[in-house]
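# Summary of the model geometry
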Amino acid sequence: MARAPADGHTLLWVVPGYGIAHVLYDKLNFNFIRDTAPVAGISNGPLLMEVNSATPVYTVPEFIAYTKARPGKVNFASPGIGSTIQLCGELFKIMTGVNMVHVPYRGSAPALTDLLAGQVQVMFADTPSSIEHVKAGKLRALAVTTAERSEILPGVPTVSKFLPGFEASNWFGVAAPRNTPPEIIDKLNKEINVALAEPDIKARLADLGAASLTGSPADFGRFIAAEAEKWSKVIRAANIKVD
């Protein structure tokens, strides 16, 4: 995409990992922030801090105490090294001082399968993939990772209630090649924001536990930069590298 004609006909679906790729990988032939132009945010939603229902904890403080009493024996799952889900777990470790073992999988599905089976004890999972397991009582949601509670799980507190300053989200957006003319970017941004205001789109996002991430291209650019800076610090503190 970064090398495609800058005419507005080739766009990139942006995920959180793009902004931190240059920190995770030693050799890349692109730099996401340098080589792309932000167009618009799409959605923003929480991850769920959830445990297997057999794990005898019901709150974040209980989980912290449980893990501190078992250093190195509590495993947290993720869909892969460098994923937002792993970084959320690493941030939790940094802020609490708990000793959890990261178990990376090849995708969210096998990670959730082992969480359900009790092979791992906790995961900071994306809401759409795990919400039905929570509602069915197979997994227990201890908290949501966003600064505000989720409308889809209003009774579940935020991690920040117990760890002030903790915040993580699963967000998406759209970018274009770097030299795309501003008038094209502005037109795309306007049309995307119009679509995000449609009641059926808002309802669908709500069903997925997310909300629209509206704003100008500059707003989305600042959001990406702030996310990249935040998670780059976590990557360096946890010494995470992807070969």
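To start, this report covers the structure provided alongside it.

What counts, and where the lines are drawn
- Residues numbered from 1 in each chain as written.
- Predicted model: local features only at pLDDT ≥ 70, side-chain atom pairs only at ≥ 80, totals over all residues.
- Heavy atoms only, no water.
- Phe/Tyr/Trp six-rings, centres within 6.5 Å; stacked < 30°, edge-to-face > 60°.
- Helix = DSSP H or I, 4+ residues; strand = E, 2+ residues; numbered from the N terminus.
- Buried < 20%, exposed > 50% of the residue type's maximum accessible area, 1.4 Å probe, protein only.
- Lys NZ or Arg CZ within 6 Å of the ring centre and 35° of its normal.
- Pairing = 2+ DSSP bridges.
- 1 Å grid on protein atoms, 1.4 Å probe; cavity = no way out; pocket = protein on both sides within 12 Å on 5 of 7 lines; lining within 4 Å.
- Points joined across faces, edges and corners; volume = space filled by probe spheres on them.
- Arc of directions from axis to C-beta.
- Contact = heavy atoms within 4.5 Å.

The geometry of an aromatic ring pair is captured by two quantities: the separation of the ring centres and the angle between the planes. The full count for this structure, using the stated rule, is eight aromatic pairs. Pairing Tyr-18 with Phe-32 gives two aromatic rings, centres 5.8 Å apart and planes at 40°, and the pair type is tilted. Of this pair, Tyr-18 sits in the loop between β1 (12-14) and α1 (21-24) while Phe-32 sits in helix α2 (residues 32-35), and the two are 14 residues apart along the sequence. You can call Tyr-18 partly exposed: its relative accessible area is 31%. Of the aromatic side chains, those joined through ring pairs into one cluster are Phe-63, Phe-92, Phe-124 and Phe-166. Lying across the ring of Tyr-58, Arg-140 places its NZ or CZ 3.9 Å from the centre.

Turning next to the pairing of strand β8 (residues 170-177). Burial runs high along β8: seven of the eight residues are buried. With three bridges connecting them, β1 and β8 associate as antiparallel partners. Among the inter-strand pairings, Val-14 is bridged to a residue of β8, identified as Gly-173. Both strand β2 (residues 36-45) and β8 contribute to a ladder of eight bridges, which runs antiparallel. By the bridge assignment for β8, Ser-43 is matched with Phe-172.

Turning our eyes to something else, we now look at empty space enclosed by the protein. Applying the stated criterion across every chain yields a total of one cavity of 30 Å³ or more. Volume-wise, the largest cavity comes out at about 50 Å³. What lines the largest cavity is Pro-16, Gly-19, Ile-20, Trp-171, Ile-224, Glu-227, Ala-228 and Trp-231. Residue contributions to the lining of the largest cavity peak at four residues, all from helix α9 (residues 217-238).

The strand order β1-β8-β2-β9 describes an open sheet built from four strands, whose pairing is antiparallel. The open sheet is flanked by β1 and β9 (211-212), the only strands paired with a single partner. Alignment of β2 against β9, held across two bridges, turns out to be antiparallel. Each bridged residue has a counterpart across the sheet, and for Asn-44 the counterpart in β9 is Ala-211.

Here helix α6 (residues 127-135) has its buried residues at Thr-127, Ser-130, Ile-131 and Val-134. Seen from one end, α6 has its buried residues packed into an arc of 125°, which puts them on one side. The inward-facing, buried residues of α6 abut β3 (47-52), α5 (108-117), β6 (122-126) and β7 (139-144). Directly beyond the C-terminal end of α6, a positive phi value near 85° is found at Gly-137.

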